[in-house]
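Okay, here's what each chain looks like letter by letter:
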Amino acid sequence: MLDQIKGLHHVTSMARDARQNNEFFTKKLGQRRVKKTVNFDAPDVYHLYYGDEAGTPGSVMTYFPFPDIGKGRHGVGEVGTTVYSVPEGTLAYWEKRFADEGVSGLSREETFGEKRLAFAGPDGDGFALVEDKADSRAPWAKGGIPTDEAIRGFHSVSLRLKDGGATGELLKFMGYEEIEKSGNVRRLAVKNGNGADVVDIESLPTAAFADLGAGSVHHVAFAVENRAKQLEVRKALMDTGYGVTPVIDRDYFWAIYFRTPGGVLFEVATNEPGFDRDEDTAHLGEALKLPTQHQHLRPYLEQHLQKLEG
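Source: prediction; values computed, not measured.

A.B. asks: Looking at this structure, how should I read the sheet that holds strand 13 (residues 217-224)?
C.D. replies: Sheet strands pair via backbone hydrogen bonds, and the direction of the pair is either parallel or antiparallel. Reading across from one edge, 2-3-4-1-13-16-15-14 is the order of the eight strands in this open sheet, with mixed pairing throughout. Of all the strands in the sheet, just strand 2 (32-38) and strand 14 (248-249) have a single pairing partner and so form its edges. Against the sheet, helix 1 (residues 18-28) engages strand 1 (8-15), strand 2, strand 3 (46-51) and strand 4 (60-65), with an angle of about 5° to strand 3.

This is the structure we're talking about:
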């Protein structure tokens, strides 16, 4: 069993409209846009990152907003719900805020003894807030949300799978332990993590497979401290039979990717070098940052990409 993985690093999803996406996360959720860059493989499309003040691993939601993308179809083989952590007793605040802001899909629920508020993103993305009194992480204090109510970071992701058995065994190999079970949902957690420590597996054997599109999670990333730890994880996964990509430089972290037995794309990303490698922390996400190979496209991109507030 591996011990290098320290919880979630980020979650990356697809969207249709960059301006709507930016407004939802920065205004409605009060998150900080910590990076405004472009998709490495499609540089005429933004890659937007939202999180806490520094974009701490375990807090960062990222998006590829493709203007012409079709709507995703939810099903199995995907991350069904991305769950944020908020302080105990704050769901009433968020429920009223979301209702006032016109956020859809609101419903109260309780899972594994935790009070949750489900809601939908602008493309039908599945989200929830969960009250976690033990979460001591600092929120982004300048997002228009009182700090006593503000989001602390991720709590968990929920995987929807035809059969969760093999993916559950993979997560155990990655250092997770099964801690609870309720109906068709198994909860796994990593010890001594970064606060974003939980993965739920929901088994839905008769459900149809998901189709990737706007509102779909593209991949979920797990955090390791540095490149040396990442190489240890890569070797262990390959020795176990997984087809893992070479290490890829994503400017703000190094990444490896592999497909899980349940169909979800996993990434293992380093905490280094961080989002302040090319911007001062006080000004994260303000300027358009381009990978070296796309710098020559700057004049075109600055005219072509949607203008974003903030």
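Continuing now.
A.B. asks: Just checking my understanding: could you explain the UniProt feature "domain: Cyclic nucleotide-binding" (unreviewed entry) in the chain for this structure?
C.D. replies: Under the UniProt annotation, the feature "domain: Cyclic nucleotide-binding" (unreviewed entry) is placed at residues 77-122. In this annotation, residues 77-122 is assigned 24% helix and 46% strand; the end-to-end C-alpha distance for the span is 21 Å.

A.B. asks: I tried to follow the pairing of strand 6 (residues 107-111) on my own but got confused; where do I start?
C.D. replies: Consecutive side chains along a regular strand alternate between the two faces of the sheet. When strand 6 meets strand 7 (residues 114-120), the two strands line up antiparallel, connected through five bridges. The residue of strand 7 that forms the bridge with Thr111 is Glu114.

A.B. asks: Is there a simple way to explain the packing of aromatic side chains in this structure?
C.D. replies: Both the distance between ring centres and the angle between the ring planes are used here to describe each pair of aromatic rings. One pass over the structure, following the stated rule, counts 18 aromatic pairs. Put simply, the rings of Phe24, Phe25, Tyr50, Tyr63, Tyr84, Tyr93, Trp94, Phe98, Phe119, Phe127 and Phe154 pair up and form one aromatic cluster. Of note, Arg250 hangs over the ring of Phe40, and the distance from its end group to the ring centre comes to 5.1 Å.

A.B. asks: Help me out: how do you make sense of the UniProt feature "domain: VOC" (unreviewed entry) in the chain in this one?
C.D. replies: Look at the UniProt record and you will see "domain: VOC" (unreviewed entry) annotated at residues 7-132 and 153-271. Each end of residues 7-132 is marked by a C-alpha atom, and these two atoms are 16 Å apart; helix forms 17% of the span and strand 43%. As annotated, residues 153-271 comprises 18% helix and 44% strand, and the C-alpha atoms at either end are separated by 15 Å.

A.B. asks: Explanation requested: the pattern of salt bridges in the structure shown.
C.D. replies: It is possible for side chains of opposite charge to pair when their charged atoms get near one another. Inspection of every chain in the model, using the stated rule, returns 19 salt bridges. Arg116 serves as the salt-bridge partner of Glu109, at 3.1 Å between the closest nitrogen and oxygen. Salt-bridge contacts for Glu114 lead to Arg187; the nearest nitrogen and oxygen are separated by 3.0 Å. Residue Glu114 is found in strand 7, and its partner Arg187 is found in strand 11 (residues 185-190); the two are separated by 73 residues along the sequence. Judged by relative accessible area, Glu114 falls into the buried class, the value being 18%. Among the charged side chains, a network of salt bridges with common partners joins Glu169, Lys172, Glu178 and Arg186.

Definitions and cut-offs
- Residues numbered from 1 in each chain as written.
- Predicted model: local features only at pLDDT ≥ 70, side-chain atom pairs only at ≥ 80, totals over all residues.
- Heavy atoms only, no water.
- Pairing = 2+ DSSP bridges.
- Helix = DSSP H or I, 4+ residues; strand = E, 2+ residues; numbered from the N terminus.
- Contact = heavy atoms within 4.5 Å.
- Axes fitted to C-alpha atoms, helices over the stretch in contact; angles between N-to-C directions.
- UniProt positions renumbered as here; feature names shortened; annotations may be inferred.
- Phe/Tyr/Trp six-rings, centres within 6.5 Å; stacked < 30°, edge-to-face > 60°.
- Lys NZ or Arg CZ within 6 Å of the ring centre and 35° of its normal.
- Salt bridge = Lys/Arg side-chain N within 4 Å of Asp/Glu carboxyl O.
- Buried < 20%, exposed > 50% of the residue type's maximum accessible area, 1.4 Å probe, protein only.

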